[in-house]
Amino acid sequence: MFDLLVIGGLGVDVRTRVPALPLPAADSLTVPPIDLRIGNTGAGVALAAHALGLRVALVDVLGADPAGDVVRAALARTSVHAVLADAPAGTRRSVSLVDDGGRRMSLYDPRPWQGPPPFPPDALTALVRDAAHVHVSIMDWARDVLPAVRAGLAAGATLSTDLHDWDGDNPYHRPFAEAADLVFVSGVRLAARSGSVAAALAPRTVVVTGGEAGATLHTREAPPVRVPAATPPAAVIDTNGAGDAFAAGVIAARRRGATLTGAAGYAARVAAAACTHDGMEYPAGLLPGD
């Protein structure tokens, strides 16, 4: 039995330190060493949850390429149970530009999936039935298996997704939201529409995240609840993956019996701590305990 199964969202981050965002106009810039490391949203949730002590499984597609080798090596340094299928188009990758204040901008290459779902329905259902919570990343192949994932949940198990910077209208995201019990979404593009978009997703619980502005919890039972951001325990180095760490914090705390408000407050501390580390492979003791 796994505490958490993460579906989709593996890739490589080509992380580059830059002097400022947006970049100054220039033909070229000299930057510190450019690193390749495990990244993307599914990896962020899985690695943060693993660092928080959860038993984690992950299922996704990965290329037989050097970028995929980076991901495989990182996962091998953990106890995350990885079930991987070959991605003929290669491993997803992002160029992540990070300034001195830890702010970032990502250029995402999704390597779109083509063809039938990469996992037989019975194999995917078996993984889902062994999980207390399932988190589905908004990957293209995962969208097609949402009904099977939802149907395969064990009694009492729950499902979440992260819509990231959804604008509230793009139809691609809606099936993920409709399949979930718990929806994470950034408030950056939603802005003043956050409340109405969250209300339209009822009866699902919706967590609208806002980085330094904190988060807002929307449930069917109560008015929206604001959860302030936490103060980072050290200098902010890299905000990449902070939202994924927040989601992992909520999932971990809820798994341990916390209320939604308590879980979000804890998750804010997890996300703040994650920002003080370079990358998503968190050393022991960096992310706060319960």
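Note that this is a predicted model, so its numbers are computed, not measured.

Scanning the protein for helices and strands turns up nine helices and 13 strands. Relative to the globule expectation of 19 Å for 290 residues, the C-alpha radius of gyration of the protein, 18 Å, shows essentially globular dimensions. Overall, the C-alpha framework of the protein stretches about 55 × 45 × 40 Å when taken along its three principal axes. Evaluated residue by residue, the protein yields a buried proportion of 52% over its 290 residues.

The four strands are arranged E3-E2-E6-E7 in an open sheet whose pairing can be described as mixed. The open sheet has two edge strands with one neighbour each: strand E3 (35-39) and strand E7 (104-109). Going from strand to strand, the sheet's axes swing by 25° on average, the running direction of each strand aside. By the bridge criterion, six bridges tie strand E6 (residues 93-98) to E7 in an arrangement that is antiparallel. The residue bridging Ser94 from the neighbouring strand is Tyr108, located in E7. Strands in contact with helix H2 (residues 66-76) are strand E2 (11-17), E3 and E6; relative to E3, the strand with the most contacts, it is inclined by about 60°.

Among the surface-exposed residues, Val95, Met105 and Leu107 lie close enough to one another that they form a single nonpolar patch of about 250 Å² accessible area. With respect to the secondary-structure elements, Val95 resides in strand E6. Accessibility expressed as a relative area gives 31% for Val95, which makes it partly exposed.

Pairing between the strands of a sheet comes from backbone hydrogen bonds, and it takes one of two forms, parallel or antiparallel. Within the open sheet, the nine strands sit side by side as E5-E4-E1-E8-E9-E10-E11-E12-E13. Their pairing is mixed. Taken across any chain shown, the strands that pair with only one partner, and hence form the sheet edges, are strand E5 (81-86) and strand E13 (225-227). Each strand axis lies, on average, 20° off the axis of its neighbour in the sheet, ignoring direction. Looking at chain direction, strand E8 (residues 133-136) and strand E9 (residues 158-162) are connected through four bridges and run parallel. In the strand pairing of E9, Val136 is matched with Thr161.

Within this structure, the stated rule accounts for three aromatic pairs. Considering the side-chain rings of Phe119 and Trp141, the 5.3 Å spacing of their centres and the 50° angle between planes classify their relative orientation as tilted. Taken as a pair, Phe119 in the loop between E7 and helix H3 (121-129) and Trp141 in helix H4 (residues 140-143) lie far apart in primary sequence, 22 residues in all. Summarising the burial analysis for this pair, Phe119 and Trp141 share the class buried.

This part is about the pattern of salt bridges. Summed over all chains, the structure comprises 15 salt bridges. Two residues, Arg92 and Asp60, come together in a salt bridge whose shortest N-O distance is 2.6 Å. Taken together, the positions of Arg92 in the loop between E5 and E6 and Asp60 in strand E4 (residues 56-62) put the pair 32 residues apart, joining distant regions of the chain. For the pair Arg92 and Asp60, a shared accessibility class is recorded, and that class is buried. Through salt bridges with shared partners, one network takes in Arg15, Arg17, Asp35, Arg37 and Asp278.

Every buried residue of H3 is accounted for by Leu124, Thr125, Leu127 and Val128. All buried residues of H3 fall inside an arc of 160° around its axis, so they share one side. When the buried face of H3 is taken as reference, the exposed residues oriented beyond 90 degrees from it are Asp122 and Arg129. On its buried face, H3 sits against strand E1 (4-7), E4, E5, E8 and helix H5 (146-152).

Scoring rules and cut-offs
- Residues numbered from 1 in each chain as written.
- Predicted model: local features only at pLDDT ≥ 70, side-chain atom pairs only at ≥ 80, totals over all residues.
- Heavy atoms only, no water.
- Helix = DSSP H or I, 4+ residues; strand = E, 2+ residues; numbered from the N terminus.
- Rg over C-alpha atoms; globule rule 2.2 N^0.38 Å.
- Buried < 20%, exposed > 50% of the residue type's maximum accessible area, 1.4 Å probe, protein only.
- Pairing = 2+ DSSP bridges.
- Axes fitted to C-alpha atoms, helices over the stretch in contact; angles between N-to-C directions.
- Contact = heavy atoms within 4.5 Å.
- Patch = residues over 30% accessible without salt bridge, like charges linked within 9 Å, V, L, I, M, F, W, Y side chains within 5 Å.
- Areas by Shrake-Rupley, 256 points an atom, 1.4 Å probe, with all protein chains shown as cover.
- Salt bridge = Lys/Arg side-chain N within 4 Å of Asp/Glu carboxyl O.
- Phe/Tyr/Trp six-rings, centres within 6.5 Å; stacked < 30°, edge-to-face > 60°.
- Arc of directions from axis to C-beta.

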